[in-house]
Amino acid sequence: MKFARRLLVKNYRNTDDPQVRTRYGLSAGIFGIISNTLLCAFKLVVGILGHSVTLIADAVNNLSDAGSSVVTLIGFKLAAIPPDKKHPFGHARYEYITGLIVSMVILFIGILLLKSSIEKCITPEQVTVSVYTYVVLGVAILIKLFQMFLYLDFSKAINSGALKASAADSRNDVIATSVVLVSAIVIDVAGINIDGYAGIAVSLFIIISSVFMLKESMSPILGEKPDEELVEKIRNKILSYDGVIGIHDLVVHNYGAKQLFVIAHVEVPDDIDLNKTHDLIDNIEHDFREEMNVRLNLHPDPVDVNNALLSELKLKAETTLKKLNENISIHDFRMVSGPTHTNLVFDAVLPFESKLSISDIQTALEEDFENEDVKYYFVIDIDRQMT
């Protein structure tokens, strides 16, 4: 599909440019409007002349696809609106909303098709199959295949959920139209009217597919876990700077494609001058903005790297917690000494699926530390893995 990108999208390789991303969406939307409108018109004429409810329903489905393409076009236009006073994080999430609307339209069409197909089974009507029926259905399948590959290629190029939903819809249409074609062949050759039953099969497939598409479209709107590859890339890049010895509390906020806002705590040696630490943080944030188009907000956490006892106690605590769950990590580990006991204070980061409580963790630590010369108490805050 590289030729389609080159033909329809100026500077198609520069997908990091918001204007190029918008061109991808607009090109896909305009192509969908034109092709689906033509398919709808041809199928409607042949379906009405042949009294085929399946073909008419397929035509209406194409009309809904044209409407979905209009929604996609509008969505990309709205997503390209720059940030303003009321929406400082931009409008890129309009694209997610577009995908949701397209999925809902597909579900609605599937339900209508199911209703009309059931009625057709109850009161069957004579269906006429002509050469025009085969021509229209064959051309429709080819066009829908081209649509599917184009939308899928464009969605991968710009990582677009809305275009991915459109590609899935085109795939559904290929299957639906293929069923209509098989139905026409059976009616024409065997003389068995399966028009209504074929319509039921098509509608059920469309309904089930749309439910999955709805779920996928809603996920980024609700706020889903960021891509692990992206998280690892961010983490490794931050750790690559001299002076950074650790990172935790990494949170990625996604306000749409190319609209990432990242918050993280970076561990730095506590014996480094504060001005140098501030300079380091500024450089990291600037590099992320320039190189990855990511708005990064870092919080420095000073770490006592010269206290051997503190390092030993932290390692022992980590080893204990790994026995409970190998995915547990700890940070902000510090020691507050007193005449009768010493408090070990830290945050424990647990996976979301973990059912461990603070009491469980304290009990395990108390058992492992009970033979120490010093009496240790544990002051623990529970965090959850956000990435």
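Remember, it's a predicted structure, so these values are computed and weren't measured experimentally.

Visitor: How should the sheet that holds strand β3 (residues 294-303) be read in this particular structure?
Guide: Two modes of strand pairing occur in sheets, parallel and antiparallel, and in both the strands are linked by backbone hydrogen bonds. Taken together, three strands build an open sheet; the order of strands is β1-β2-β3 and the sheet is mixed. For this open sheet the edge positions go to β1 (246-254) and β3, each flanked by a neighbour on one side alone. Mean inter-strand twist for the sheet, computed between neighbouring axes without regard to direction, equals 15°. When strand β2 (residues 260-269) meets β3, the two strands line up parallel, connected through 10 bridges. Paired with Leu260 across the strands is Val294, a residue of β3. In this fold helix α9 (residues 274-292) packs onto β2 and β3, with an angle of close to 155° to the strand it touches most, β3.

Visitor: What is the right way to read the packing of aromatic side chains from this model?
Guide: Any aromatic ring pair is given by two values, namely how distant the centres are and how the planes are angled relative to each other. Taken as a whole and assessed by the stated rule, the structure comprises eight aromatic pairs. Relative to Phe261, the ring of Phe89 has its centre 4.9 Å away and its plane inclined at 85°; by these criteria the two rings are edge-to-face. Here Phe89 is found in the loop between α3 (53-79) and α4 (94-122), whereas its partner Phe261 is found in strand β2, with 172 residues between them in sequence. Pairing Phe369 with Tyr376 gives two aromatic rings, centres 5.7 Å apart and planes at 80°, and the pair type is edge-to-face. In this structure, Phe369 and Tyr376 share a single accessibility class: buried. Over the face of the ring belonging to Phe288 we find Lys237, whose NZ or CZ atom lies 5.6 Å from the ring centre. For Lys316, the ring lying beneath its charged end belongs to Phe369, and the centroid distance is 4.8 Å.

Visitor: Help me understand the pattern of salt bridges, please; the structure alone is not making it clear to me.
Guide: Enumeration according to the criterion identifies seven salt bridges in this entry. Here Asp65 makes a salt bridge to Lys144, at a shortest N to O gap of 3.0 Å. With Asp65 in helix α3 and Lys144 in helix α5 (residues 131-158), the pair connects residues that are 79 residues apart, well separated along the chain. Between Asp173 and Lys144 there is a salt bridge; the shortest N-O distance is 2.9 Å. Taken together, the residues span a long stretch of sequence, with Asp173 in helix α6 (residues 161-190) and Lys144 in helix α5 at a distance of 29 residues. Across the pair, Lys144 and Asp173 agree in class, each one buried. Each of Asp65, Lys144 and Asp173 takes part in one network of salt bridges that share partners.

Visitor: Quick question: what am I supposed to make of the pairing of strand β6 (residues 376-384) here?
Guide: Every other side chain in a regular strand lies on the same face of the sheet, so the side chains alternate between the two faces. Where strand β5 (residues 342-350) meets β6, nine bridges bridge the pair, whose relative direction is parallel. Bridge pairing in β6 places Asn343 opposite Tyr377. Each parallel crossover has a hand, and the one from β5 via helix α11 (residues 358-369) to β6 is right-handed.

Visitor: Could you clarify how one ought to interpret a nonpolar patch on the surface in this entry?
Guide: On the surface, Val70, Ile74, Leu78, Ile81, Tyr94, Ile97, Ile101 and Ile221 cluster together to form a nonpolar patch covering roughly 560 Å² of accessible area. When you line up the elements, Ile221 lands in helix α7 (residues 195-222). With a relative accessible area of 33%, Ile221 lands in the partly exposed category.

Visitor: How do you make sense of the side chain of Thr22 when you look at a structure like this?
Guide: Assignment of secondary structure puts Thr22 in helix α2 (residues 18-50). You can call Thr22 buried: its relative accessible area is 12%. Apart from the residues lying within four places of it in its own chain, the contact partners of Thr22 are Phe76 and Ala80.

Visitor: Would you mind showing me how to read the nonpolar core here?
Guide: A general trend in soluble globular proteins is that nonpolar side chains are found buried together. In this structure, Ile234, Ile238, Ile284, Phe288 and Leu298 are the most contacted members of the largest nonpolar core, which totals 21 residues. Every element with two or more residues in this core is listed here: α8 (228-239), β1, β2, α9 and β3. With near-sequence residues (within four places) excluded, Ile238 lies in contact with Val244, Ile247, Val266, Ile284, Phe288, Leu296 and Leu298. Of all hydrophobic cores here, the second largest spans 17 residues; its members include Ile328, Leu344, Phe346 and Ile380.

About the thresholds
- Residues numbered from 1 in each chain as written.
- Predicted model: local features only at pLDDT ≥ 70, side-chain atom pairs only at ≥ 80, totals over all residues.
- Heavy atoms only, no water.
- Pairing = 2+ DSSP bridges.
- Helix = DSSP H or I, 4+ residues; strand = E, 2+ residues; numbered from the N terminus.
- Axes fitted to C-alpha atoms, helices over the stretch in contact; angles between N-to-C directions.
- Contact = heavy atoms within 4.5 Å.
- Phe/Tyr/Trp six-rings, centres within 6.5 Å; stacked < 30°, edge-to-face > 60°.
- Buried < 20%, exposed > 50% of the residue type's maximum accessible area, 1.4 Å probe, protein only.
- Lys NZ or Arg CZ within 6 Å of the ring centre and 35° of its normal.
- Salt bridge = Lys/Arg side-chain N within 4 Å of Asp/Glu carboxyl O.
- Right-handed = clockwise from strand over helix to strand, strands pointing away.
- Patch = residues over 30% accessible without salt bridge, like charges linked within 9 Å, V, L, I, M, F, W, Y side chains within 5 Å.
- Areas by Shrake-Rupley, 256 points an atom, 1.4 Å probe, with all protein chains shown as cover.
- Core = buried A, V, L, I, M, F, W, Y, C linked by side-chain atoms within 4.5 Å.

This is a description of form; function is not addressed.
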